[in-house]
Amino acid sequence: MSGPASTGVPILRLGDVLITGLLNELDDKAALAFTHELTERISADRVRGVLIDISRLEIIDSFVARTLMELAMMARLLGARVIVAGMRPPVAITLVELGIELVGVETALNAEQGMAALGWRQSPQPPEGAHRDSTR
Amino acid sequence: MTQLANTSTTSHAARTDTDAAAEPGTTRVVLTTEEDLLTVRHAVRAATLAVGFGIVDQTRVVTAASELARNAYIHGGGGVLTIDCPRRHGGKGLRLTIRDEGPGIPDVDAALVDGFTTGAGLGHGLGGARRLMDEFEVRTVPGGGTTVVATRWVPR
Amino acid sequence: MRGRVEEIADRWVRLQVQQAALSGGTSESELREEADTLVAALVTGLDSALPIDRVATSHAELNRAVTDLSLNRARGGESPTATAMAVLALKEALLEAVQESTQDSGELFSAALLINRLLDGAGALSFDTYVEGREEIIRRQSRQLLELSTPVVRLWRQVLGVPLIGTLDTARTQVVMENLLQAIQDQEATVAIIDITGVPTVDTAVAQHLMQTVNAVRLMGADCIISGIRPPIAQTIAQLGIDLSTIMTRATLSDALSEAIKLTAGPLPTPDAPASR
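Residues numbered from 1 in each chain as written. Chains lettered and ligands numbered in written order. Predicted model: local features only at pLDDT ≥ 70, side-chain atom pairs only at ≥ 80, totals over all residues. Heavy atoms only, no water.

1. A word on the layout of surface pockets
Which parts of space are left empty comes out when a probe the size of a water molecule is rolled across the atoms.
Reasoning step 1: When its volume is computed, the second largest pocket comes out at roughly 1100 Å³.
Reasoning step 2: Of all elements in the fold, only helix H3 (89–98) of chain A, helix H3 (55–75), strand E4 (91–100) and strand E6 (145–153) of chain B together with helix H6 (105–148) and helix H7 (170–187) of chain C reach the threshold of two or more residues within the lining of the second largest pocket.
Reasoning step 3: The element best represented in the lining of the second largest pocket is H6(C), accounting for 9 residues.
Reasoning step 4: For the lining of the second largest pocket, the two domains that each supply at least three residues are domain 1 (2–147) and domain 2 (153–265) of chain C. (1 Å grid on protein atoms, 1.4 Å probe; cavity = no way out; pocket = protein on both sides within 12 Å on 5 of 7 lines; lining within 4 Å. Points joined across faces, edges and corners; volume = space filled by probe spheres on them. Helix = DSSP H or I, 4+ residues; strand = E, 2+ residues; numbered from the N terminus. Domains from an automatic or database assignment.)

Laid out in structure tokens, this is it:
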């Protein structure tokens, strides 16, 4: 369900949640383009939640941190909740030492818990394919 | 450990003329485009691995390098990063030297305070990078560019 | 002398074995191997153009041979005296060899002088390396102690605990933070409890680090509870101007645990809960 992405970062829609992820090789311009694209999609698809997987990010500097905060803020203005999932331990340590708090950004341990926080529950059986709903 | 050297500009001028990779173990990255910021990260990551930093220290140094490189790119109109590995009492370290030819920083102390920004960042650039490194020195000349030298030592 | 490498090494090993009768330690075959390497390095070192008193430190091969020998002794628990005597024994072995090879007193004297200067350099290097080796052992032990003194234990499903006892310094708090975050990721824990009942006081740097740990745990997507804060520590934290209302604290570890179980048991609170189900 991913639309053609100009930044090459896939944004998938799962019901009323958008799922996407940030990659290490994202440079500043691409990050800005991604922010733009994601907010467009939030608005167009009328989703209520966004899960951003950052488990691949090896560093978060103040620019990426700011990008994440802006995304969360804009999404909230558009009526969606952003959850950033899977931050690596060294990244978390560095970020607090850098003196940055991700104000207004909700976090989750991994994508699964992030989805749970957005209201998705894991089905008792392993899910087959892309089930829309899986209420216990 | 911030030092201000507003007086001498000669040492700076000499440094920029130094040939690439003159010493063994020294890496030099020229920052002119945004893509070079990624090159900086790769080069610094490789250097931290070579020196033998743990994963958390690797992340600290690469993040600091990213902040400093972005500063030089945005405020200094690009610059040159030199990575080398100093030694001290048998200990190893990694030193980042980032030099730009930009307008310089009028008030370094203010720039090191969190939240100070004149560009697209969080204003944590300099101050944050300083907290991630063991030694940190800013040399700036109004109108004559800025050099930041930052070192982190491998814990023993 | 070049032709007598074997012989010198032999003699050196013998001299050391005699000493070892007093101190005990390295086995004869190890000694033999060391001696062969070192004497061979010595010969190539003498062939190099380096000034004689700097050969031991500057000639790579010889430097390595001396360093290895000294480190091995240090790690093996050999005493500093025994290590120094081992190097001095080589001097004796060399002098004997020179004595047998020439009768000319002038030549003998200059050779002795040369050997002295060469071995003095080696001796100094050996001593330095020995001390360095022992320091390395001390550092390793203190690192191991640090690991031991900062355990991360699983208290409940998805609940981790870090019981801290004794004085906290920056290094230890750092290790706590790294171990805890790693454990959170590995065990997919959603609540971490840092219990500081056993910590008498903290300085401002450590209090700051504790707060950083709480923030880092949150960035990972887990909750952090601090339990057992003693009044003096509460004071330090208050003086830092940190807003404690944003940090979950409980008086005791058991209070914290029951809170943690509550947090993990119920469905996550979602204010703008799904309308679609």
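2. Thoughts on the sheet that holds strand E5 (residues 248–250) of chain C
Residue and element names in this part refer to chain C.
Reasoning step 1: Sheet architecture is open: 5 strands sit in the order E1-E2-E3-E4-E5, paired in mixed fashion. Every other strand in the sheet has two partners, leaving strand E1 (153–156) and E5 as the edge strands with one partner each. Averaged over all neighbouring strand pairs, the angle between strand axes comes to 30°, with direction disregarded.
Reasoning step 2: The pairing of strand E3 (residues 191–198) with strand E4 (residues 223–227) spans 5 bridges and is classified as parallel. Bridging from a neighbouring strand, Ala192 pairs with Cys224 of E4.
Reasoning step 3: In this fold helix H8 (residues 204–220) packs onto E3 and E4, with an angle of close to 150° to the strand it touches most, E4.
Reasoning step 4: Against the sheet, helix H10 (residues 253–265) contacts E1, strand E2 (159–165), E3, E4 and E5, and its axis sits at roughly 175° relative to E3. (Pairing = 2+ DSSP bridges. Axes fitted to C-alpha atoms, helices over the stretch in contact; angles between N-to-C directions. Contact = heavy atoms within 4.5 Å.)

3. A word on empty space enclosed by the protein
Reasoning step 1: Taken as a whole and judged by the stated rule, the model has 3 cavities of 30 Å³ or more.
Reasoning step 2: When its volume is computed, the largest cavity comes out at roughly 80 Å³.
Reasoning step 3: Around the largest cavity, the lining residues are A:Leu22, A:Leu23, A:Asn24, A:Leu26, A:Ala31, A:Leu57, A:Ile59, A:Val64, A:Thr67 and B:Arg41.
Reasoning step 4: Split by residue class, the lining of the largest cavity holds 7 nonpolar, 2 polar and 1 charged. (Nonpolar A, V, L, I, M, F, W, Y, C, P; charged D, E, K, R; others polar.)

4. A closer look at the environment of C:Thr170
Reasoning step 1: Tracing the chain through its elements places C:Thr170 in helix H7.
Reasoning step 2: Residue C:Thr170 is classed as partly exposed on the basis of its relative accessible area, which comes to 32%. (Buried < 20%, exposed > 50% of the residue type's maximum accessible area, 1.4 Å probe, protein only.)

5. Considerations on helix H4 (residues 60–75) of chain C
Reasoning step 1: Taking 1.5 Å as the rise per residue, H4(C) with 16 residues should run 22 Å; its terminal C-alpha atoms sit 22 Å apart, in good agreement.
Reasoning step 2: With its phi angle positive at about 80°, C:Gly77 sits one or two positions after the end of H4(C). (Expected span 1.5 Å × (residues − 1).)

6. Quick look at the interface of chain A and chain B
Quoted interface sizes are often the accessible area lost when the parts come together.
Reasoning step 1: Each side of the interface is counted separately: chain A has 23 residues, and chain B has 25 residues.
Reasoning step 2: Between chain A and chain B, the buried area comes to about 2200 Å², and carbon and sulfur atoms account for 52% of it.
Reasoning step 3: Summed over the three residues of chain A that lose the most area to chain B, namely A:Ile59, A:Glu97 and A:Leu98, the buried surface amounts to 26% of that side.
Reasoning step 4: Linking chain A with chain B are 5 salt bridges.
Reasoning step 5: In this structure, the connection of chain A to chain B is made through 7 residue pairs in polar contact (both at pLDDT 80 or more).
Reasoning step 6: Counting residues per element, the ones that place at least two in the side of chain A that touches chain B are helix H1 (28–45), helix H2 (62–77) and H3 of chain A. (Buried area = accessible area lost by both parts, 1.4 Å probe. Salt bridge = Lys/Arg side-chain N within 4 Å of Asp/Glu carboxyl O. Polar contact = N/O pair within 3.5 Å; in protein donor to acceptor, adjacent residues only side chain to side chain.)

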